[in-house]
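Chain residues, written in single-letter form:
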Amino acid sequence: MKKIINDPNQVVNEMLEGVVKAHPEYVKRLEGFNVLVRANKPSFPKVALVSGGGSGHEPSHGGFVGEGMLDGAVAGEVFTSPTPDQVFEAVKAVDNGGGVLLVVKNYTGDILNFEMASELAAEEGIKVESVVVNDDVAVENSTWTTGRRGVAGTVLVHKIAGAAAEKGKSLEEVKAIAEKVNANVRSMGMSLTPCTVPAAGKPGFQLADDEMEVGLGIHGEPGTHRAKITSAKEIVSHLMEKILKDIDINSGEEVAVLVNGLGGTPLMELYIVNNEVAEILNEKGIKIYKTIVGNYMTSLEMAGFSISILKLDEELKELLDSKADTPGFKL
Amino acid sequence: MKKIINDPNQVVNEMLEGVVKAHPEYVKRLEGFNVLVRANKPSFPKVALVSGGGSGHEPSHGGFVGEGMLDGAVAGEVFTSPTPDQVFEAVKAVDNGGGVLLVVKNYTGDILNFEMASELAAEEGIKVESVVVNDDVAVENSTWTTGRRGVAGTVLVHKIAGAAAEKGKSLEEVKAIAEKVNANVRSMGMSLTPCTVPAAGKPGFQLADDEMEVGLGIHGEPGTHRAKITSAKEIVSHLMEKILKDIDINSGEEVAVLVNGLGGTPLMELYIVNNEVAEILNEKGIKIYKTIVGNYMTSLEMAGFSISILKLDEELKELLDSKADTPGFKL
Amino acid sequence: MITQAMLIEILENICKTIEENMSYLTELDIAIGDGDHGINMNKGFTAVLNKLPSLQDKDCGVILKTTAMTLISTVGGASGPLYGTAFLKASSVVNGKMEINNTDLLEMFNSAIQGIVSRGHANKGDKTMLDALYPAYDALKEAIDNNNTLKEALQAATEAALGGVEYTKTIKAIRGRASYLGERSIGHQDPGATSSYLMLNAAYNTINKRG
Amino acid sequence: MITQAMLIEILENICKTIEENMSYLTELDIAIGDGDHGINMNKGFTAVLNKLPSLQDKDCGVILKTTAMTLISTVGGASGPLYGTAFLKASSVVNGKMEINNTDLLEMFNSAIQGIVSRGHANKGDKTMLDALYPAYDALKEAIDNNNTLKEALQAATEAALGGVEYTKTIKAIRGRASYLGERSIGHQDPGATSSYLMLNAAYNTINKRG
Ligand SMILES: Nc1ncnc2c1ncn2[C@@H]1O[C@H](COP(=O)(O)OP(=O)(O)O)[C@@H](O)[C@H]1O
Ligand SMILES: Nc1ncnc2c1ncn2[C@@H]1O[C@H](COP(=O)(O)OP(=O)(O)O)[C@@H](O)[C@H]1O
Ligand SMILES: [Mg+2]
Ligand SMILES: [Mg+2]
Ligand SMILES: [Mg+2]
Ligand SMILES: [Mg+2]
């Protein structure tokens, strides 16, 4: 395991300290908790957004705390959902009278821990709603299983629901917008290398020099299948086919594109990927309204990427365009 | 070699296409050249900033084209300085009557190619000045050698000189400010893994599982020495010692910190590094005015980081704070 | 009959067992999950171990509820809320009691399973901890219904749990993170089923040693 | 005497030699540089090769100037401007001439070296292409001064260049990217010195084959 760390058991703590020291104008830490909240709590009673999950996805989620996105972010151990008491603490800290929306990625652990936190918050009389993001088309959506995972599309939920909250919309409205984003976003990813949870000390899977994992999540877990590495064009065309099979987007309609790096992929390759994504959309007559390229929902040092396509309407476009000012996402 | 690419000989071309397709509101490509310029040329006759160098350092330099930073960026082949005709083309395209400042990193290839381009521009009557960035303290500064390399400090030159140009300062003034930044910034880096130039197909050096390279540049070349991997604390303290030995910063003085990822380092580790950097500066009573953490001057997929410390005065602080709106750097 | 002192001893043993098997559980989770099950569990039970001294004279309900709350606030992941809920439900069966008789034990076990199901919505054969716990419960019930000793009953439960662990190797995961692997999860043993078995085995060993 | 037809043949041979040695030059640059010297040079000389047909009836000055400008606009890196300048300076010696006599050759070589020095400011022993070119020039001069044939003179120059290449293994780099390695550059052969030798050798082979 090659990492620039001190103690594998202190990575989350030291990372959070590093974030606060880097961006004191944006975030502060709730003392004694792995929770980051805005340095300045908004003075009007807006809906507060809280997200979180295991660490290792940086800048998700702490990097998105700030104007126009999140109010609080809860950091679990690496790839491990945070516990309910941590989430509950975040909820109490950010609640401003407008209620709190929890943005949860669809993993059993996240669901269960955030659910218990909601129960605790409800007992204290705080209005809490949840939205579960499940944008990953790699996994079949079936009521018999855990369902699709939440991956990079979550960042778009933060951005757009965060903008709605900032505009003063009600908890019900913000929740409805978050659900609309989730209903209209689809993602799929692949990777060239595994990643290593610091405390585990060894990678989550092994890949030969000419192999890639396709359809994997963001926790170092293996994907839906393994294949020989092919060209960027072929890889992107496979992912885009799966994405566009899962959501109807007609010629002339508009989308936002998120080409997301998993942590170890050079930006050069992400842009080469984007070139292919854009060509496919252009061919289909689908209009690209906005493109975001970079590391937003990562898996530690994993080399690979995901593509997210969000179908837009006027409301989503306006919210996507409005100001976001956070350490990890500025617009 | 594991890369998400099509043809190793087309990576620069396809990357540039991907950048333009992602950010048409920011940049356009000079047809037939590996040059990105602002999508909208400023309407007032400001000084134009042009930088560039080999590719593989993304978002440097094309990602910094936009308001408050660069006017044009020239992309060479991976880790290979661009040729004079490409630089000359960029200069001609961005010149707006205010003259052009070339920001060049101190590598023989970059120096020579940009120098020939200046000669071509001067022949056409364009006012051109150059600033050579050499912030890397890993390499001893001696008049007998090539001198120190230009590394991540270059990004701060872009930011601050770019702000000065945007404010309408003259070519001489912008050049003086760029030189002031260079005189006040020092950097040093290390890496855990090598990187592979696509066309070469194999890494620039080999490292054992417990080894790191210290004091390396940004072109996949080996560093000044090799050592056993130690803790983040020890690594940072070594780099900071070298940096602070090379520049006098007194207790009470203010600095900007840039913790720069080399492309394959998780943001988590960069923040752990920042935590150590901040502790060292705090101990010395040096005030941290602004911190930037992320991938700004990369070496393809290399895992590692560099620290840059820039000593500030009122002028630099004001320029550092002013607006930058580019795909790769927003403020 | 399990006295509250024996209960504390059992919990101590569970904590030690989880610690000893941390890497093993993590290995299992690396294969079909995200490689943290052993780490998560050990964090939780280390915290429980630290709380046990302060519970020496508490009743069984308090002991189990404290265990539950500790797990909930330290384990994280899917297993934290699930095991936490399980201990919480079990605790409410023996509120205020200083000892647990065999009927209590059966009811506790049943409540624990119901708690896991109502949180996690998993079914038999979904390749989860339930695939160790359901057969264990059935064996425990049969042994107790047949008037076997506590020791015999726990032995039967443990053996059945182990059978359940083996069974998880043959099935496809429907719930939890391993479900994303689909068919590729077959052939691998479920980490949560394994930790359930290990806990039962620790309980049995404690009783067995006491004779 | 080198006619313009022979000059074109020499350049053709240089292009082929660089192509054949692309990986070799890149390997050398991987060791102490950034691993692109072979790639850069091959890109440049492939472009030159494509231009040669259009130069069939041009004078030596035009042929060499076109070569220079092509290298400048295609090679990049340090070697592009350096070799480009070298060819440019050499071309100006034979402006308008259809053949190159031995005195011209010596002056061309000298101008080329001066061009490299005035661009790159390197000295003898800095571990650069100059460490192949300086001894080659000295040998060429001595041979021509002693009235040796062109073939003999080129052979002497080539052998001296090879000696220079060997010498670069023993010294520390002071200029160029390898200088960052300091002492660690010792033991490695300079890529640019090697490509200089290869070009000279290609020229000698062309003349030698002609007999
Ligand atoms: N819905 C569920 N119901 C019951 N048990 C589950 C469920 N989901 C997962 N599990 C159990 O949790 C175990 C994984 O726990 P752990 O690795 O700690 O959490 P995570 O999957 O969040 O990383 C699985 O092996 C499985 O036995
Ligand atoms: N200042 C200089 N003067 C002469 N030759 C130089 C100088 N700097 C570098 N070189 C030569 O250039 C070679 C490297 O060329 P190349 O790899 O193409 O460029 P880069 O170093 O920019 O990648 C070195 O091996 C050396 O011979
Ligand atoms: Mg987990
Ligand atoms: Mg180079
Ligand atoms: Mg797990
Ligand atoms: Mg080179």
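Residues numbered from 1 in each chain as written. Chains lettered and ligands numbered in written order. Predicted model: local features only at pLDDT ≥ 70, side-chain atom pairs only at ≥ 80, totals over all residues. Heavy atoms only, no water.

**Some details on the overall build of chain C**
Stage number 1. The helix and strand inventory of chain C stands at 9 helices and 2 strands.
Stage number 2. Traced from its N-terminal end to its C-terminal end, chain C shows the element sequence β-α-α-α-α-α-β-α-α-α-α.
Stage number 3. Compactness check: chain C gives a C-alpha radius of gyration of 16 Å against a globular reference of 17 Å for 211 residues, within 12% of the reference.
Stage number 4. For chain C, the spread of C-alpha atoms along the three principal axes comes to 45 × 35 × 30 Å.
Stage number 5. Relative to its 211 residues, chain C shows a buried fraction of 63%.
Stage number 6. Intrachain contacts of chain C at a sequence separation of at least 6 include 71% that bridge at least 24 residues.
Stage number 7. For chain C, the exposed surface amounts to about 8,100 Å²; the carbon and sulfur share of it is 52%.
Stage number 8. Computed over 19 positive and 23 negative side-chain charges, the inter-centroid distance for chain C is 5 Å. (Helix = DSSP H or I, 4+ residues; strand = E, 2+ residues; numbered from the N terminus. Rg over C-alpha atoms; globule rule 2.2 N^0.38 Å. Buried < 20%, exposed > 50% of the residue type's maximum accessible area, 1.4 Å probe, protein only. Contact = heavy atoms within 4.5 Å. Areas by Shrake-Rupley, 256 points an atom, 1.4 Å probe, with all protein chains shown as cover. Lys, Arg positive; Asp, Glu negative; His and termini not counted. Charge placed at Lys NZ, Arg CZ, Asp CG, Glu CD.)

**Side note on the relation of the copies chain A and chain B**
Stage number 1. Once chain A has been moved 0.0 Å along the axis and rotated by 180°, it coincides with chain B to within an RMSD of 0.0 Å. Considering both components of the superposition, the chain copies are consistent with a two-fold axis. Considering only C-alpha atoms, the residue of chain A closest to the rotation axis is Gly264(A), which sits at 1.9 Å. (Least-squares fit on C-alpha atoms with pLDDT ≥ 70 in both.)

**Topic: the nonpolar core**
Across soluble globular proteins, you tend to see nonpolar side chains buried next to one another.
Stage number 1. In this structure, Leu49(A), Leu310(A), Met240(B), Val277(B), Phe305(B), Ile307(B) and Ile309(B) are the most contacted members of the largest nonpolar core, which totals 100 residues.
Stage number 2. Ranked by the residues each element gives to this core, the list is headed by helix 7 (residues 267-283) of chain B, at 9 residues.
Stage number 3. Dropping the residues within four chain positions of it, Ile309(B) is found in contact with Asn184(B), Val185(B), Arg186(B), Met240(B), Ile243(B), Ile249(B), Val255(B), Ala256(B), Val257(B), Val277(B) and Leu281(B). (Core = buried A, V, L, I, M, F, W, Y, C linked by side-chain atoms within 4.5 Å.)

**Section: the packing of aromatic side chains**
Residues and elements named next belong to chain A.
Stage number 1. Per the stated rule, a full pass over the model turns up 8 aromatic pairs over all chains.
Stage number 2. Here the aromatic rings of phenylalanine 64 and phenylalanine 329 are separated by 6.5 Å at their centres, their planes lie at 75°, and the arrangement is edge-to-face. In this pair, phenylalanine 64 is assigned in the loop between strand 3 (48-55) and strand 4 (72-78) and phenylalanine 329 in the segment after helix 8 (314-321), connecting sequence segments 265 residues apart. Both residues of the pair, phenylalanine 64 and phenylalanine 329, belong to the buried class. (Phe/Tyr/Trp six-rings, centres within 6.5 Å; stacked < 30°, edge-to-face > 60°.)

**Comments concerning the packing of helix 4 (residues 153-166) of chain B against helix 5 (residues 171-184) of chain B**
Between two packed helices, the angle of one axis relative to the other and the distance separating the axes together describe the packing.
Residue and element names in this part refer to chain B.
Stage number 1. Contact geometry for helix 4 and helix 5: axes closest at 9 Å, N-to-C directions at 155°. Taken together, the axis directions place helix 4 and helix 5 in an arrangement best described as roughly antiparallel. Seen from above, helix 4 lies across helix 5 with right-handed handedness. Counting all contacts with helix 4, which are made through Leu156, Val157, Ile160, Ala161, Ala164 and Ala165, the residues of helix 5 involved are Val174, Ile177, Ala178, Val181 and Asn182.
Stage number 2. In the contact of helix 4 with helix 5, the residues fall into 10 nonpolar, 1 polar and no charged. (Axes fitted to C-alpha atoms, helices over the stretch in contact; angles between N-to-C directions. Parallel < 35°, antiparallel > 145°, perpendicular 65-115°, else oblique. Left-handed = near helix turned anticlockwise from the far one by under 90°. Nonpolar A, V, L, I, M, F, W, Y, C, P; charged D, E, K, R; others polar.)

**Observations regarding the site of ligand 1**
Stage number 1. Around ligand 1, a shell composed of 22 residues is seen, among which Asp34(C), His37(C), Ala78(C), Ser79(C) and Asp190(C) lie nearest.
Stage number 2. In this structure ligand 1 sits where residues from chains A and C come together.
Stage number 3. Here ligand 1 has 570 Å² of accessible area as a free molecule, and 97% of this is covered by the chains.
Stage number 4. Among the elements of the structure, helix 3 (37-51), helix 5 (79-93), helix 6 (102-120) and helix 9 (191-210) of chain C are those that each provide at least two residues to the shell around ligand 1.
Stage number 5. Classifying every residue of the shell around ligand 1 by side-chain character gives 7 nonpolar, 9 polar and 6 charged. (Near = heavy atom within 4 Å.)

**Some details on the UniProt feature "domain: DhaL" (unreviewed entry) in chain C**
Stage number 1. Mapped onto this numbering, the UniProt entry annotates "domain: DhaL" (unreviewed entry) at residues 5-205 of chain C.
Stage number 2. Between the end C-alpha atoms of residues 5-205 of chain C the distance is 15 Å, and the span holds 70% helix and 1% strand. (UniProt positions renumbered as here; feature names shortened; annotations may be inferred.)

**Observations regarding the interface of chain C and chain A**
Stage number 1. Contacts between chain C and chain A engage 31 residues on the former and 38 residues on the latter.
Stage number 2. Counting each side, the surface lost to burial between chain C and chain A is near 2,600 Å², with a carbon and sulfur contribution of 54%.
Stage number 3. Summed over the three residues of chain C that lose the most area to chain A, namely Arg119(C), Tyr180(C) and Arg184(C), the buried surface amounts to 29% of that side.
Stage number 4. Seen at the junction of chain C and chain A, the total is 5 salt bridges.
Stage number 5. Here Glu119(A) and Arg119(C) are joined by a salt bridge, their closest N and O atoms 2.7 Å apart.
Stage number 6. Put simply, the parts of the chain that give the side of chain C that touches chain A at least two residues each are helix 2 (22-32), helix 3, helix 4 (60-74), helix 5 and helix 6 of chain C.
Stage number 7. In terms of residue count, helix 2 of chain C provides more of the side of chain C that touches chain A than any other element does, 4 residues in total.
Stage number 8. When grouped by side-chain class, the residues that make up the side of chain C that touches chain A number 11 nonpolar, 12 polar and 8 charged. (Buried area = accessible area lost by both parts, 1.4 Å probe. Salt bridge = Lys/Arg side-chain N within 4 Å of Asp/Glu carboxyl O.)

**A look at the coordination of the magnesium ion (ligand 5)**
All names here are of chain C.
Stage number 1. Protein-derived ligands of the magnesium ion (ligand 5) are Asp29 (OD), Asp34 (OD) and Asp36 (OD), with the metal-ligand distances lying across 2.1 Å.
Stage number 2. Motif for the magnesium ion (ligand 5), donor spacing along one chain: D-x4-D-x1-D.
Stage number 3. A separation of 3.5 Å is found between the magnesium ion (ligand 5) and the magnesium ion (ligand 3), which are bridged by aspartate 34. Grouping residues by exposure puts aspartate 34 and aspartate 36 together as buried. (Donors = N, O, S within 2.8 Å, 3.2 Å for Na, K, Ca; no water.)

**Brief notes about the domain arrangement of chain A**
Residue and element names in this part refer to chain A.
Stage number 1. Taken domain by domain, chain A comprises domain 1 (8-183) and domain 2 (185-320).
Stage number 2. Computed over C-alpha atoms, the centres of domain 1 and domain 2 are 22 Å apart.
Stage number 3. Across the boundary between the two partners, domain 1 contributes 38 residues, which contact 38 residues of domain 2.
Stage number 4. Carbon and sulfur atoms supply 67% of the area buried between domain 1 and domain 2, which totals about 3,100 Å² over both sides.
Stage number 5. At the junction of domain 1 and domain 2, the tally comes to 3 salt bridges.
Stage number 6. Of all the secondary structure elements, the ones that give two or more residues to the side of domain 1 that touches domain 2 are helix 4 (153-166) and helix 5 (171-184). (Domains from an automatic or database assignment.)

**Here's the deal with the side chain of Ser179(C)**
Stage number 1. For Ser179(C), the position within the fold is in the loop between helix 8 (150-168) and helix 9.
Stage number 2. Within the structure, the side chain of Ser179(C) is placed 2.7 Å from the backbone oxygen of Gly176(C), a separation counted as a polar contact. (Polar contact = N/O pair within 3.5 Å; in protein donor to acceptor, adjacent residues only side chain to side chain.)

**Concerning the packing of helix 6 (residues 102-120) of chain D against helix 7 (residues 130-145) of chain D**
All names here are of chain D.
Stage number 1. Direction vectors running N to C along helix 6 and helix 7 enclose 160°, while the axes themselves pass 10 Å from each other. One way to sum up the angle between helix 6 and helix 7 is to call them roughly antiparallel. Between helix 6 and helix 7 lies a crossing of left-handed hand. Here Asn102, Leu105, Leu106, Phe109, Asn110, Ile113, Ile116 and Val117 of helix 6 come into contact with helix 7, specifically with Leu130, Leu133, Tyr134, Ala136, Tyr137, Leu140, Lys141 and Ile144.
Stage number 2. Of the residues assigned to the contact of helix 6 with helix 7, the class counts are 13 nonpolar, 2 polar and 1 charged.

**Notes on the coordination of the magnesium ion (ligand 6)**
In a perfect tetrahedron of four donors around a metal, the angles come out at 109.5 degrees. In a perfect octahedron of six, they are 90 or 180 degrees.
All names here are of chain D.
Stage number 1. For the magnesium ion (ligand 6), the full set of protein donor atoms is Asp29 (OD), Asp34 (OD) and Asp36 (OD), and the range of their distances to it is 2.1 Å.
Stage number 2. A spacing of 3.5 Å is found between the magnesium ion (ligand 6) and the magnesium ion (ligand 4), which share aspartate 34 as a donor. Comparing aspartate 29 with aspartate 36 shows no difference in burial state: the two are buried.

**Brief notes about the interface of chain A and chain B**
Stage number 1. If you look at the interface, chain A gives 54 residues, while chain B gives 53 residues.
Stage number 2. Summed over both partners, the interface of chain A with chain B comes to about 4,400 Å²; 63% of that surface belongs to carbon and sulfur atoms.
Stage number 3. Considering only the side of chain A, the residues that lose the most area to chain B are Lys2(A), Ile4(A) and Met268(A), jointly responsible for 21% of the buried surface there.
Stage number 4. Between Lys21(B) and Glu279(A) there is a salt bridge whose closest N-O contact spans 3.5 Å.
Stage number 5. In this structure, the connection of chain A to chain B is made through 24 residue pairs in polar contact (both at pLDDT 80 or more).

**Considerations on the sheet that holds strand 11 (residues 287-294) of chain A**
All names here are of chain A.
Stage number 1. The mixed open sheet is built from 6 strands, whose spatial order is 9-8-7-12-10-11. Because the sheet does not close on itself, it has two edges, and the strands there are strand 9 (225-228) and strand 11. Averaged over all pairs of adjacent strands, the angle between their axes in this sheet comes to 20°, without regard to strand direction.
Stage number 2. Pairing between strand 8 (residues 211-214) and strand 9: 4 bridges, direction antiparallel. When the bridges of strand 9 are listed, glutamate 211 appears paired with lysine 228. (Pairing = 2+ DSSP bridges.)

**Brief notes about the site of ligand 2**
Stage number 1. Contacts to ligand 2 come from 21 residues, most closely from Asp34(D), Asp36(D), Ala78(D), Ser79(D) and Asp190(D).
Stage number 2. Positioned at a junction of chains, ligand 2 has nearby residues supplied by chains B and D.
Stage number 3. Contact distances for ligand 2 include 3.0 Å between an oxygen atom and a backbone N or O atom of Met129(D).
Stage number 4. In the model, an oxygen atom of ligand 2 is placed 3.3 Å from a nitrogen or oxygen of the Arg177(D) side chain.
Stage number 5. Burial of ligand 2 by the protein amounts to 97% of the accessible area it has alone, namely 570 Å².
Stage number 6. Those elements giving two or more residues to the shell around ligand 2 turn out to be helix 3 (37-51), helix 5 (79-93) and helix 9 (191-210) of chain D.

**What to know about the pattern of salt bridges**
Residues and elements named next belong to chain A.
Stage number 1. Under the counting rule described, the total for this entry stands at 71 salt bridges over all chains.
Stage number 2. Between lysine 228 and aspartate 210 there is a salt bridge, with the nearest N and O atoms lying 3.2 Å from each other. Of the two residues, lysine 228 is situated in strand 9 and aspartate 210 in the loop between strand 7 (185-191) and strand 8; the sequence distance between them amounts to 18 residues.

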